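Single-letter residue listing:
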Amino acid sequence: MPILLRVIEIANYAYSNSRIQVMSSRIIPEEKLKEMIEASSLAEVVAALEPTDYSPYLHEMMEERSEAIERALNRHTADSYREVATMVPMDLKAVLAVLLRKWDIYNIKLILRGVYAERSPDEIRADLVPVGELAPSKIGELAEARSLEELVSNLDGTPYSRLAESLQLFDQTRNLTVLEARLDNILYEDAWKDMTSKPLDENLLALKNYLATNIDVVNLKFLFRAKKDGLTAGSIEGYLVKGGGLQESLIKSILEMDTVDNVVAALEGTKYYQPVLGAVPEYESTGSVLPIELALDGYLVRVGKNISITQPFGIGPAIGYLSMKEMEIRNVRTLARGIEAGLSPDEIRNLIMKVGT
């Protein structure tokens, strides 16, 4: 009977995963991205994207500006997520929901920044990605807020209403990082609590591994930034997400360290050491932790890609495709902004995320 059930399970995934694999094959290859980095204008970037899945969305652009390209990318991303959501078997809908919540956070952060910068609701709405667990009508309501207090109040009834707990600290610091870090905490701690409270089959174990890596990367990126800025353990501990794969004792020891180099050394023996170590020379030459952050993000994509290989008959292909798609969107957005800002190809190349090892 177990063999028969396994055959039925594989059959249930076969059609959806074959379609997802076709979508994965259309991810922009590295060589193509290298050519786009050398583009001398946004017109060349748009032309290079013509043979890709982005073509129909680019045709709707009214002007060749990086913001217009980003909006076309965002619309495509939303449609890609919806398409994957319709493909996966019913028993994996809840699993996919964990990945969709990341877009709720993305949209809320965009609205936070827009309201803080006093942008109009129409300007804010143009940049949103209409995908996630929050209803489009709710996202639209949030974009109408004219103050951060009103925005947070409008989150009542959603999983993100706890953002109100950080308003007082924001009023003291006037730093949006306070609110954005709290959103990350809500997203990942809720997902981790849910993931560790139920029996796990192969698919849920794969998702738990991916979620743990997400949490580790969020925490490490925050710790590297904090150490670069000389922040004390007491001022940053509350921003860290509880859970993940790194031992709590290691996180506590890193909290007490005072330099980026010490944090790098502390990671020896973990799966993050080699990716981070490879980014250290560029960190030392630029003084920016961005190369380290890009290395960590690239490693996360590698984990998603590996899950697609090791779990080919379950959630693996969906996780692999969506993680690669997020990297593709981010890289095209980055090079478009860089070209518009007049950066050299070498400068843009340093901002591009690569799949980690």
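Everything discussed here concerns the structure shown above.
The rules behind the values
Residues numbered from 1 in each chain as written. Predicted model: local features only at pLDDT ≥ 70, side-chain atom pairs only at ≥ 80, totals over all residues. Heavy atoms only, no water. Core = buried A, V, L, I, M, F, W, Y, C linked by side-chain atoms within 4.5 Å. Buried < 20%, exposed > 50% of the residue type's maximum accessible area, 1.4 Å probe, protein only. Helix = DSSP H or I, 4+ residues; strand = E, 2+ residues; numbered from the N terminus. Contact = heavy atoms within 4.5 Å. Salt bridge = Lys/Arg side-chain N within 4 Å of Asp/Glu carboxyl O. 1 Å grid on protein atoms, 1.4 Å probe; cavity = no way out; pocket = protein on both sides within 12 Å on 5 of 7 lines; lining within 4 Å. Points joined across faces, edges and corners; volume = space filled by probe spheres on them. Nonpolar A, V, L, I, M, F, W, Y, C, P; charged D, E, K, R; others polar.

## Things to note about the nonpolar core
- Ranked by internal contacts, the top residues of the largest apolar core, which has 99 residues, are Val84, Ile111, Phe224 and Leu267.
- If one sorts the elements of this core by residue count, helix 12 (residues 202-228) sits on top with 13 residues.
- In this view, Phe224 contacts Val260, Val263, Val264, Leu267, Val276, Val289, Ile292 and Leu296; residues no more than four positions away in its chain are not counted.
- Leu33, Ala48, Tyr54 and Leu335 belong to the second largest nonpolar core, which has 25 residues in total.

## Describing the pattern of salt bridges
- Going through the model one piece at a time under the given rule, you end up with 28 salt bridges.
- One salt bridge connects Arg337 with Glu70, and the closest N-O pair in it is separated by 2.6 Å. Linking Arg337 in helix 18 (residues 316-340) with Glu70 in helix 5 (residues 66-87), this pair joins segments that are 267 residues apart in sequence.
- Taking the relative accessible area as the measure of exposure, Glu70 reaches 13% and is therefore buried.
- Here Lys252 ties to Glu248 by a salt bridge, and the two come within 3.5 Å at their closest N and O atoms. Note that Lys252 and Glu248 are positioned in helix 14 (residues 248-255) at a spacing of four residues, about one turn of the helix.
- One continuous salt-bridge network, built from bridges that share partners, spans Glu30, Glu31 and Lys34.

## Overview of the layout of surface pockets
- Here the largest pocket defines a volume of roughly 1,600 Å³.
- Forming the boundary of the largest pocket are 48 residues, of which Lys109, Arg113, Lys221, Asp297 and Arg330 lie nearest the centre.
- At the level of secondary structure, the elements contributing two or more residues to the lining of the largest pocket comprise helix 6 (93-116), helix 11 (177-195), helix 12, helix 13 (233-236), helix 17 (290-310) and helix 18.
- Of the residues contributing to the lining of the largest pocket, the split by class is 25 nonpolar, eight polar and 15 charged.
- Of the voids in this model, the second largest pocket is the one considered here, and its volume is about 640 Å³.
- Around the second largest pocket, the lining comprises 27 residues; the ones closest to its centre are Ile28, Lys305, Met324, Met327 and Val355.
- When contributions to the lining of the second largest pocket are tallied by element, the ones reaching two or more residues are helix 1 (2-25), helix 2 (30-37), helix 17 and helix 18.
- A total of eight residues in the lining of the second largest pocket trace back to one element, the largest contributor, which is helix 18.
- In the lining of the second largest pocket, the residues fall into 15 nonpolar, five polar and seven charged.

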